[in-house]
Amino acid sequence: MGNGRPADRAPDTIRVRQLRRSQKLDLDGPTGALSVTVVPELSGDRLDINDQSAVHSAGACLAHIHRVLGSVQHDPALASPHPAIIRERIEEWLATQDRGYAPDASRRLETLLSGLLELEDEPQLVHNDFRAANILIRHSQVVGVLDFDEVACEHRVSDLAKASVYLGTRFTNWRPIPPAARHMLRAGYESAWPLSPAEAHWFDVLVFVGHAIMAIPSESDTAGWACVL
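Residues numbered from 1 in each chain as written. Predicted model: local features only at pLDDT ≥ 70, side-chain atom pairs only at ≥ 80, totals over all residues. Heavy atoms only, no water.

We now examine helix α4 (residues 103-114). A rise of 1.5 Å per residue sets the reference length of α4, with its 12 residues, at 16 Å; its end C-alpha atoms lie 17 Å apart and thus fit the reference within 8%. Regarding α4, the residues found buried are Ala105, Ser106, Leu109, Leu112 and Leu113. Down the axis of α4, the sector holding all buried residues measures 120 degrees, keeping them to one side. Exposed side chains of α4 directed beyond 90 degrees from the buried face belong to Asp104, Thr111 and Ser114. (Helix = DSSP H or I, 4+ residues; strand = E, 2+ residues; numbered from the N terminus. Expected span 1.5 Å × (residues − 1). Buried < 20%, exposed > 50% of the residue type's maximum accessible area, 1.4 Å probe, protein only. Arc of directions from axis to C-beta.)

This brings us to the pairing of strand β1 (residues 24-28). Alternating residues of β1 divide into Leu25 and Leu27, all buried, and Lys24, Asp26 and Asp28, none buried. Inspection of the sheet shows β1 paired to strand β2 (residues 33-37) by 5 bridges, in the antiparallel sense. Bridge pairing in β2 places Lys24 opposite Thr37. Remark: 4 residues form the turn of the hairpin made by β1 and β2, two consecutive strands paired antiparallel; Gly32 in that turn has positive phi of roughly 155 degrees. (Pairing = 2+ DSSP bridges.)

Moving on: helix α2 (residues 52-70). Taking 1.5 Å as the rise per residue, α2 with 19 residues should run 27 Å; its terminal C-alpha atoms sit 27 Å apart, in good agreement. Turning to α2, its buried residues number three or more, namely Ala54, Val55, Ser57, Ala58, Gly59, Cys61, Leu62, Ala63, Ile65, His66 and Leu69. Buried-residue contacts for α2 involve β4 (124-126), β5 (135-138), β6 (141-145), α5 (156-166) and α6 (179-192). The opening residue of α2 is Asp51, an N-cap whose side-chain oxygen sits 3.2 Å from the backbone nitrogen of Ser53. (Contact = heavy atoms within 4.5 Å. Polar contact = N/O pair within 3.5 Å; in protein donor to acceptor, adjacent residues only side chain to side chain.)

What follows is the structure, encoded as structure tokens:
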């Protein structure tokens, strides 16, 4: 706070220490207002994608997060593009930017695009960074979800698709998750909030182009992104 000297920070430090659980304090941050609150310490380990029960729990948790965030008011101007526009962007990407690292997946994506149904839900706030680095697990159950600083306004199926590709990533050496974990995450999600037929179709499309094909870094693909498509 202030210019960063200890004397400037001391009053704010005292005020934060005096906060009780669930109370909020608004401070002057370096680029604007800063909200500070005190939350209970969470004891848990980061998600292990080889723990199928934990992955299922994570899927159900993501559905719950979507229900809660869906009730939060947001600026409609922040919403993602209309699905028809997204489809046009995907088609353009296939025609002009696909590097051909996974030709079979690209052909399957073209087939999926041909019969896309209209999404009926409205874009809403979603977590947008739901992955192992931000999910705490204890006894194969989710006990906490961290880092809501990437929250975006998207269709919920887009957030589920993104999580289905990047769920296993932590901080370095990003690699894809095996299909079994992807299926378990979706099963957990749908145990709490089933996808509509249109969302199920879009899920496959968004998993392929939204993240997996684009995640292939080079033709060598040492991490194996193409192998799970």
